[in-house]
Amino acid sequence: MTRETWATRVGFILAAVGSAVGLGNIWRFPWVTADNGGSAFLLVYLAVVLLVGVPGLLGEFVIGRRGKQSPVGALRNLSGSRSWGAWGVFYVGTAVALLSFYSVVGGWILRYFAESAVGIVGGSPAYFAAPGQYFGGAAAGVDALGFHLLFLGLTALVVVGGVRRGIELGTKVMMPAVLALLVGLAVWAGTRPGAADAYAFYLRFDPTTIRANLFDVLAPAAGQALFTLSLGAGTMITYASYIDEDRSLPFDGTVIAVLNTLVGVLAGLVVFPLLFSLGVDPAQTEPGPGALFVGLAGAFSQLPAGALVATVFFGVVVLAALSSSISMLEIPVSFLVDEYGVGRRRAVGLVAGTVVVTGSVCALDPTIAGVGVFGFVAGPLVDTLLTAGLAAALLFVGWVMGRDAVAEFREGAGRAAALATPWLLTVGVVLPIFLVFTLLTTFGVDARLGVWPTVLVSVLVGAVAFLGLRTERSVV
């Protein structure tokens, strides 16, 4: 079976950007920035993107382009070890977990988009009257289940079209539309009363926050960077496996990171001027999906032509969410196609059928041992899986691929080829330790031991991993 490839370089870049751009950029990024020092946090975030995100992105690209298969086949064949192939299944499971909650959130967005569009011609949207109550009824239950299935169906419809006619064609339309609509909304929002105060709130430079709480600020910056760059789930390994020509991976990775960050910044230039113009205090609005559907959705009701503005805004979010969910579905689909020779249409059906079940559990959101399933999957489970997944990929690049990774990095890189050796040291040693530290802080180890003892534990864990991988490689 001939493996598909991207038709154009632009198609690959837009597909990768589409995977990275999602709800985290449109909503979470502006709030995290505003809550952690404004433009000072933005500088920390950009540093994390440059020093952690881009090298990590290149690590997954190297595995994908060198392996030319799904994460399972790429890790197994490049290492000659079935154990690494088994670890590749971890990425498949992570993708299913991600899609299980993301399709539910996508269903919420789709519902609000449809409600807003209907409101343009049929009066005002139903959520205008009581935003909080409306979201409470839409967030879980039979209605949430129905829209989850609809959103998943749209995702499957794109993926079944294949790499060129489905994913590439879809993202070539969606991503320019997202950027154009966000720019238009940002320009319009800048004309609203209170825009200057909004910019001051969003982009104020507060270095004291950074100096006094560096590690507290570093954690959300790292989490935002990794999640929004779509790292740790095998997405970029899968997408890079469809590249059929030598091109500069450093250039592509940098462009993807810049465009991804641009979307997050633009979202803040829309959200905050709009809230300030309506007298809504962003400091009193908690970040998260509920805020998107309660705080901002409620603000639309106070605008002239509020239903139209809401339709455009939720249309942007639908496109962003859909472009991300497409990449999540492609990971297990590529696994079935590559490993078992399953036809793409049947593979999409099998994976989508699985997510129908797992996502339905999240949509109905039963409580197990006092914890909601949706909250657990969308929060600690996904954070842990993504961090562990990226750490493993980088260890693989640094300690298993080694010189092959350097050679792959240099292919088509031009002058950036000189960065190959420092990059390998970074992804093989520095970043895994950083990610272990992030994982330990997720479980509150730093609160019990202190920051520096946690750093020491991270270094020790990294050293054990390095020695184990070096021993395994010498045996193989």
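Now for a look at the structure at hand. Owing to the predicted nature of the structure, the values given are computational and were not obtained by experimental measurement. (Residues numbered from 1 in each chain as written. Predicted model: local features only at pLDDT ≥ 70, side-chain atom pairs only at ≥ 80, totals over all residues. Heavy atoms only, no water.)

Comments concerning the pattern of salt bridges
Step number 1: A full pass over the atoms with the stated rule returns nine salt bridges.
Step number 2: Between Glu4 and Arg344 there is a salt bridge, with its nearest N and O atoms 3.5 Å apart. One end of the pair, Glu4, is in the segment before helix 1 (9-20); the other, Arg344, is in helix 16 (residues 344-364), with 340 residues separating them in the sequence.
Step number 3: Relative accessible area serves as the criterion here: at 32%, Glu4 is assigned to the partly exposed category.
Step number 4: Within the structure, one salt-bridge network assembled from shared partners comprises Arg65, Arg66, Asp404 and Glu408. (Salt bridge = Lys/Arg side-chain N within 4 Å of Asp/Glu carboxyl O. Helix = DSSP H or I, 4+ residues; strand = E, 2+ residues; numbered from the N terminus. Buried < 20%, exposed > 50% of the residue type's maximum accessible area, 1.4 Å probe, protein only.)

Here we look at the environment of Arg344
Step number 1: Overall, the relative accessible area of 15% leaves Arg344 in the buried class.
Step number 2: Sequence separation between Arg344 and Glu168 is 176 residues; the distance between their C-alpha atoms is 15 Å.
Step number 3: Arg344 has contacts with Glu4, Val159, Val160, Gly162, Val163, Tyr242, Glu330, Val333 and Val337, leaving out every residue within four places of it along the chain. (Contact = heavy atoms within 4.5 Å.)

Points about the side chain of Arg65
Step number 1: Topologically, Arg65 is positioned in helix 3 (residues 39-67).
Step number 2: The exposure class assigned to Arg65 is buried, which follows from its relative accessible area of 4%.
Step number 3: Of the polar contacts made by the side chain of Arg65, one reaches the side chain of Glu408; its length is 2.6 Å. (Polar contact = N/O pair within 3.5 Å; in protein donor to acceptor, adjacent residues only side chain to side chain.)

A few points about the packing of aromatic side chains
Step number 1: Under the counting rule described, the total for this entry stands at 25 aromatic pairs.
Step number 2: Ring geometry for Phe12 against Phe61: centres 5.5 Å apart, planes inclined by 55 degrees, an arrangement best described as tilted. With Phe12 in helix 1 and Phe61 in helix 3, this residue pair connects regions lying 49 residues apart in the sequence.
Step number 3: Under the relative-accessibility criterion, Phe12 is labelled buried at 0%.
Step number 4: Centroid distance Trp87 to Tyr91: 6.5 Å. Interplanar angle 85 degrees. Geometry classified as edge-to-face. Of this pair, Trp87 and Tyr91 both sit in helix 5 (residues 82-121), four residues apart, roughly one helical turn.
Step number 5: In this structure an aromatic cluster arises from ring pairing among Tyr112, Tyr127, Phe128, Tyr134, Phe300, Phe313 and Phe314. (Phe/Tyr/Trp six-rings, centres within 6.5 Å; stacked < 30°, edge-to-face > 60°.)

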